[in-house]
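The primary structure of each chain is shown beneath.
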Amino acid sequence: EVQLVESRGGLVQTGGSLRLSCAASGFTFAFDDYAIGWFRQAPGKEREGVSCINNSKGKTHYADSVKGRFTISSDKAKNTVYLQMNSLKPEDTAVYFCAAEWGLDLRIKDDYTRSSQAGAYAYWGQGTQVTVSS
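Residues numbered from 1 in each chain as written. Predicted model: local features only at pLDDT ≥ 70, side-chain atom pairs only at ≥ 80, totals over all residues. Heavy atoms only, no water.

1. Details of the sheet that holds strand E8 (residues 80-85)
The sheet built from four strands is open, its strands ordered E1-E3-E8-E7 with antiparallel pairing. Here the strands that pair on one side only, and so sit at the sheet edges, are strand E1 (3-6) and strand E7 (70-75). This sheet shows a mean twist of 15° between the axes of neighbouring strands, independent of strand direction. (Pairing = 2+ DSSP bridges. Helix = DSSP H or I, 4+ residues; strand = E, 2+ residues; numbered from the N terminus. Axes fitted to C-alpha atoms, helices over the stretch in contact; angles between N-to-C directions.)

Here is the structure:
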């Protein structure tokens, strides 16, 4: 059974930093062959893609709203993906989810586009709240 467990989020002030982690287990295939994405959902809004990493292909993807502020990385030995969030803004406040999908290849244009869409992912974590105070 695939499990994705996000670390606890938290409350930070504007301009602050926070690192989220997503620990993965139970994959049928190698961790490297999965794309791991981070999504967020604010109250009353749709779930939006934040960032994605495709370990075996060495590719990452960021939403325009977080480029230059967020960094996604992975520790293959720990089957864990991290999202380092810097220069946080109140509009970053949301529940953050990690998600996984096997075989999503960010080198392929269609997959790159799909990597920011929640419907492309089969496996999801439970979500963690991040609140940025102004």
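2. Structural notes on the environment of Phe-27
In this structure, Phe-27 sits in the loop between strand E3 (18-25) and strand E4 (34-41). Among the residues examined, Phe-27 registers a relative accessible area of 14% and is labelled buried. Taking C-alpha positions, Phe-27 is 9.9 Å from Asn-79, a pair spaced 52 residues apart along the chain. (Buried < 20%, exposed > 50% of the residue type's maximum accessible area, 1.4 Å probe, protein only.)

3. Overview of the packing of aromatic side chains
A complete count under the given rule lists five aromatic pairs for this structure. Between Phe-39 and Trp-124 the ring centres are 5.0 Å apart and the planes differ by 55°, which places this aromatic pair in the tilted class. With Phe-39 in strand E4 and Trp-124 in strand E10 (residues 123-124), this residue pair connects regions lying 85 residues apart in the sequence. Judged by its relative accessible area of 0%, Phe-39 is buried. Look at Tyr-121 and Trp-124: their rings are 6.2 Å apart centre to centre, the planes differ by 70°, and that puts the pair in the edge-to-face class. Cluster of aromatic residues (ring-pair linked, three or more members): Phe-39, Phe-97, Tyr-121 and Trp-124. (Phe/Tyr/Trp six-rings, centres within 6.5 Å; stacked < 30°, edge-to-face > 60°.)

These figures capture arrangement, not role.
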